[in-house]
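Report on the structure
Below, each chain spelled out in residue letters.
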Amino acid sequence: MTTGALPVNFDFVPALPEIALLVGACVVLLVDLVLPETRRSWSYWLTQLVVVSTAWLSLYVFHEAPAHTFGNTFIADTLADVLKFLSCVTVALTLAYSRSYLAARGLFRGETFALMMFALLGMMVMISANHFLLLYLGLELMSLSLYAMIALQRDSGQAVEAAMKYFVLGALASGLLLYGMSMIYGATGTLDVARVATTVFAGGVNKTMLAFGLVFVVSAIAFKLGAVPYHMWLPDVYEGAPTAMTLFVGSAPKLAAFGFMTRLLVGSLAAMAFDWQGMLLILSLLSMIAGNVIAISQTNIKRMLAYSTIANMGYMLMGFLAANINGYSAAMFYTITYVMTTLVSFGMVLLLSRAGFEADQLDDFKGLNQRSPWYAFLMLLTMFSLAGIPPTVGFYAKFAVIEAAVDVGLVWLAVVAVMASLIGAFYYLRIVKLMYFDDPVDDAPLEARSDTRVLLSINGLALLLLGIFPQWLLGMCVVALTRSY
Amino acid sequence: MNIEPAVFYVFAAVLVFAALRVISSSNPVHSALWLVLSFFSAAGIWLLLQAEFLAIALVLVYVGAVMVLFLFVVMMLDVNFAKMREQFKSYIPVGATVGILILIEMALVLVGGYFAPPTGAVPAAAAAGYSNTRALGLLLYTDYAYPFEIAAVILLVAIIAAIALTHRAPRTSKRQDPGRQVRVRRSDRLRVLDMPAEKNEH
């Protein structure tokens, strides 16, 4: 190897969003240091500016054909651009919804914003990873930021306990992932996502060793998604974390997890599809049933939504395990719409909370219609969407994944999915009943910043609009995945 | 006579034994010291693989810095180890069952003879004077520059998290600010309370 010219390509343009975000995060960190306590909102707006610019940059560098840089460790394709854009928008919305909540709990600090941006950077690294090392580093960057964000409310025993559980189990999952990756490396001799794929396709690879590694990798993915039986951390973390952090953990990282799963299972191990299909099948089946059944007995809405997350990840996996473009697109559509729905549902919990009061019980939603018909209507849309009732977008999302499963002959799985969905409808509709037919127990006026109100309304109405016109989003998912794989 | 395999097996045996003692030792200070031994053995194996730089870095960084820090923390923290040990014992049946089950499952796959490592040629030994450090450096700043940067960002996040979670702004500075002293108004210092006069019962 010569020391003169660089032996690898260093094109910085495809990585512009990441670079901008990293620089922006450091700037916010430094600016926040010199700002007086009364000017804290400046760091907030600066953070929003950075996140929104990153979203814009992800579209600005839009790639129709995959581009590689940094010695093939970085890939930028349509899928990456779309997922990055959506992650940025999700984080921007999360920030907007949680502003008052954070301010009321002493969490409206520069560190919160910086950690959120670093978590976002971790997600983007995962989405654009073309190397197993990057997948792992992105995952760690995101997870470490999330652990710290949850523990930031350090005077709350519940939050610290949640962070601790998340940290210990997350470390275990990372260990599984690394072990699996080392097995895949042992079988193929490379960690490059695309080269693993070509090596496996070429044959002559120790398939047993590969499958052995695959088990650990899929376990780690299941843990990150919160699929049964790797779901135990999820309800505790969702319930214990401050609601703003729950919203963060429950929204954008799901998009990154989808990107992670696609890069790993489709990008590098598509030839092993037969093996991982079976594993995902079990995860999907158990998640749909366990998530929906256990959610019924919850009285805490954060915990209930946590079990709903588990069930929803089961549906998403059902689309994914079809292992064809239609299945992947259905899973992507499901993930995107699920993240949008989560934003509204947790946004509403944040909106009902105020200083010294957490609206985390189902009873706190009683009589919401009398207190504010508009918010009750938005929450109704959200619950209908989660339950999969037309014309909301949740119906089309479920329809798409079920169709994908039926297309590959898994009719029985589709039947189970529909049954589980019927069970799930019970607890979603119970909230609608509480809002419209019960008397309020809490008469405090609902105060929200006007920007939060407008964004939440647009977000809620989008669930309805996308339900009526799902084609363009579904079409975008198909195009993104077809161009990439 | 080739002595390398013998050295490898000695190091490997010591490594496995030390690693077992790390988790089974009842005294955390002993655990930390066993961990030092296991690091040394791992460094020895790396030396056999001609990865001198990594071996030296492992000893210097982990044994020299991280483990010393670790021992400090173990000794400074006031943790009730007797209580922890009791809890540990109560988890042993469940943990051991799961562990042994996983071990058997993995052994079924591994021992079946399917698991022979790829039969590629053994890499030739490096020539004398070959610099391991130089090769690593070249790779680290070219092919792996991007992962290297991201790892740096992870360390930055660790610093931010550690400070944000443990730092409670101390108010120790008694610095005077003349500007604020001059600007002070009567209303900042003096509060006139409007209290109703108490009735004299006598």
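Right above here is the structure, for reference.
Presented here is an overview of the structure given in this document. Keep in mind it's a predicted model, so treat the numbers as computed, not measured.

About the cut-offs
Residues numbered from 1 in each chain as written. Chains lettered and ligands numbered in written order. Predicted model: local features only at pLDDT ≥ 70, side-chain atom pairs only at ≥ 80, totals over all residues. Heavy atoms only, no water. Helix = DSSP H or I, 4+ residues; strand = E, 2+ residues; numbered from the N terminus. Contact = heavy atoms within 4.5 Å. Areas by Shrake-Rupley, 256 points an atom, 1.4 Å probe, with all protein chains shown as cover. Core = buried A, V, L, I, M, F, W, Y, C linked by side-chain atoms within 4.5 Å. Buried < 20%, exposed > 50% of the residue type's maximum accessible area, 1.4 Å probe, protein only. Disulfide = S-S within 2.5 Å. Axes fitted to C-alpha atoms, helices over the stretch in contact; angles between N-to-C directions. Parallel < 35°, antiparallel > 145°, perpendicular 65-115°, else oblique. Left-handed = near helix turned anticlockwise from the far one by under 90°. Nonpolar A, V, L, I, M, F, W, Y, C, P; charged D, E, K, R; others polar. Buried area = accessible area lost by both parts, 1.4 Å probe. Salt bridge = Lys/Arg side-chain N within 4 Å of Asp/Glu carboxyl O. Polar contact = N/O pair within 3.5 Å; in protein donor to acceptor, adjacent residues only side chain to side chain. Phe/Tyr/Trp six-rings, centres within 6.5 Å; stacked < 30°, edge-to-face > 60°. Lys NZ or Arg CZ within 6 Å of the ring centre and 35° of its normal. Expected span 1.5 Å × (residues − 1). Bend = angle between axes of the 7 residues up to and from the residue. Patch = residues over 30% accessible without salt bridge, like charges linked within 9 Å, V, L, I, M, F, W, Y side chains within 5 Å. Arc of directions from axis to C-beta.

**A word on the overall build of chain B**
A count of helical and extended segments in chain B gives 8 helices and 0 strands. Along chain B, helices (α) and strands (β) appear in the sequence α-α-α-α-α-α-α-α when read from the amino end. Considering only contacts in chain B between residues 6 or more positions apart, those separated by 24 or more positions represent 55%. Element-wise, carbon and sulfur atoms account for 67% of the exposed surface of chain B, whose accessible area totals about 16300 Å².

**Focus: the nonpolar core**
In this structure, Trp276(A), Phe320(A) and Met332(A) are the most contacted members of the largest nonpolar core, which totals 195 residues. Judged by nonpolar contacts, the second largest core, of 10 residues, contains Ala32(B), Phe39(B), Ala55(B) and Leu71(B).

**What about the environment of Leu210(A)?**
All names here are of chain A. Tracing the backbone through its elements, the reader meets Leu-210 in helix H8 (residues 207-225). Using a relative accessible area of 1% as the deciding quantity, one classes Leu-210 as buried. C-alpha separation for the pair Leu-210 and Ser-182, spaced 28 residues apart in sequence, amounts to 9.9 Å. Ignoring any residue separated from it by four or fewer positions in sequence, one finds Leu-210 in contact with Ile-184, Ala-187, Thr-188, Val-200, Val-205, Leu-269 and Met-272.

**A closer look at the state of the cysteines**
Residues and elements named next belong to chain A. Enumeration over the complete set of coordinates arrives at 0 disulfides over all chains. Counting only cysteine sulfurs, Cys-88 is the nearest neighbor of Cys-26, a cysteine outside any disulfide, at a range of 16 Å. Residue class for Cys-26 comes out partly exposed when judged on its relative accessible area of 27%. A relative accessible area of 1% places Cys-88 in the buried class.

**Some points on the packing of helix H4 (residues 110-127) of chain A against helix H5 (residues 132-151) of chain A**
All names here are of chain A. Here H4 crosses H5 at 160 degrees, and the two axes come no closer than 7 Å. With respect to H5, the element H4 is oriented roughly antiparallel. The element H4 and its partner H5 pack so that their crossing is left-handed. The residues of H5 that touch H4, namely those facing Leu-115, Met-116, Phe-118, Ala-119, Leu-121, Gly-122, Met-123, Val-125 and Met-126, are Leu-134, Leu-135, Gly-138, Leu-139, Leu-141, Met-142, Ser-145, Leu-146, Ala-148 and Met-149. A breakdown of the residues in the contact of H4 with H5 according to their chemical character gives 16 nonpolar, 3 polar and no charged.

**Observations concerning the interface of chain A and chain B**
For an interface, size is often stated in terms of accessible area lost upon the parts coming together. The interface is formed by 39 residues belonging to chain A together with 28 residues belonging to chain B. For the pairing of chain A and chain B, the buried interface totals around 3000 Å² over both sides, and the portion due to carbon and sulfur atoms is 78%. Summed over the shared surface of chain A and chain B, the number is 0 salt bridges. At the junction of chain A with chain B, the criterion picks out 3 residue pairs in polar contact (both at pLDDT 80 or more). Going through the elements one at a time, helix H1 (16-34), H4, H5, helix H6 (157-188) and H8 of chain A are the ones with two or more residues in the side of chain A that touches chain B. Ranked by the residues each element gives to the side of chain A that touches chain B, the list is headed by H5(A), at 9 residues. Broken down by class, the residue content of the side of chain A that touches chain B amounts to 27 nonpolar, 7 polar and 5 charged.

**A look at the packing of helix H14 (residues 325-352) of chain A against helix H17 (residues 393-407) of chain A**
Residue and element names in this part refer to chain A. Relative orientation of the contacting elements H14 and H17 amounts to 155 degrees, with a least axis distance of 9 Å. If you check the angle between H14 and H17, you find them roughly antiparallel. Once H14 is placed against H17, the crossing between them reads as left-handed. Between H14, through Gly-327, Ala-330, Ala-331, Phe-333, Tyr-334 and Thr-337, and H17, the contact on the second element is made entirely by Val-393, Tyr-396, Ala-397, Lys-398, Ala-400, Val-401 and Ala-404. Partitioned by chemical class, the residues of the contact of H14 with H17 number 10 nonpolar, 2 polar and 1 charged.

**Focus on the pattern of salt bridges**
When the charged atoms of two side chains with opposite charge come close together, those side chains can pair. Residue and element names in this part refer to chain A. Scanning the model with the defined rule gives 14 salt bridges over all chains in all. In this structure, Asp-77 and Arg-263 form a salt bridge, with 3.1 Å as the shortest nitrogen-oxygen distance. You can see Asp-77 sitting in the loop between strand E2 (74-76) and helix H3 (78-104) and its partner Arg-263 sitting in helix H11 (residues 252-268), a full 186 residues away along the chain. Of the charged contacts in the structure, one is a salt bridge between Lys-433 and Asp-438, with a shortest N-O distance of 3.6 Å. For Lys-433, a relative accessible area of 41% translates into the label partly exposed.

**Structural notes on the packing of aromatic side chains**
Each aromatic ring pair is specified by the distance between its two centres and by the angle formed by the two planes. Going through the model one piece at a time under the given rule, you end up with 29 aromatic pairs over all chains. Centre to centre, the rings of Phe8(B) and Tyr9(B) are 5.4 Å apart; their planes meet at 70 degrees, and the pair counts as edge-to-face. The structure contains a cluster of three or more aromatic residues connected by ring pairs, namely Tyr147(A), Tyr166(A), Phe167(A), Phe223(A) and Trp233(A). Sitting over the face of the ring of Tyr101(A), Arg105(A) holds its NZ or CZ atom 3.8 Å from the ring centroid. For Arg354(A), the ring lying beneath its charged end belongs to Phe357(A), and the centroid distance is 4.5 Å.

**With respect to helix H19 (residues 450-468) of chain A**
All names here are of chain A. For H19, with 19 residues, the first-to-last C-alpha span of 27 Å sits near the 27 Å given by 1.5 Å per residue. Of all the bends found along H19, the most pronounced is centred on Ala-462 and spans about 25 degrees. All of the buried residues along H19 are Thr-452, Leu-456, Ser-457, Asn-459, Gly-460, Leu-463, Leu-466 and Gly-467. The inward-facing, buried residues of H19 contact H3, H14, helix H16 (373-387), H17 and helix H20 (471-484).

**Quick word on a nonpolar patch on the surface**
Residue and element names in this part refer to chain B. A grouping of Val-68, Phe-72, Val-73, Met-76, Leu-77, Val-79 and Met-84 is seen on the molecular surface, where their side chains present a nonpolar patch of about 670 Å² in accessible area. At 4 residues, the largest contribution of residues to the nonpolar patch is made by helix H3 (residues 52-76). You can see Met-84 is positioned in helix H4 (residues 81-111).

**Remarks on unusual backbone geometry**
All names here are of chain A. A cis geometry characterises the amide bond from Val-228 onward to Pro-229, with omega recorded as 5 degrees. You can see Pro-229 is positioned in the loop between H8 and helix H9 (233-240). Non-glycine residue Phe-70 carries a positive phi angle of around 55 degrees. When you line up the elements, Phe-70 lands in the loop between strand E1 (67-69) and E2. Classification of Phe-70 by relative accessible area gives buried; the value is 6%. Within the chain, Ala-323 stands out as a residue other than glycine whose phi angle is a positive 55 degrees. Locating Ala-323 in the fold gives a position in the loop between helix H13 (301-320) and H14. Ala-323 gets classed as partly exposed once you look at its relative accessible area, which sits at 25%.

**Comments concerning helix H7 (residues 193-202) of chain A**
Residue and element names in this part refer to chain A. Burial in H7 covers these residues: Val-193, Val-196, Ala-197 and Val-200. Taken end-on, H7 shows its buried residues confined to a sector of 100 degrees, consistent with a single buried face. If you follow the buried residues of H7, they end up packed against H5, H6, H8 and H11.

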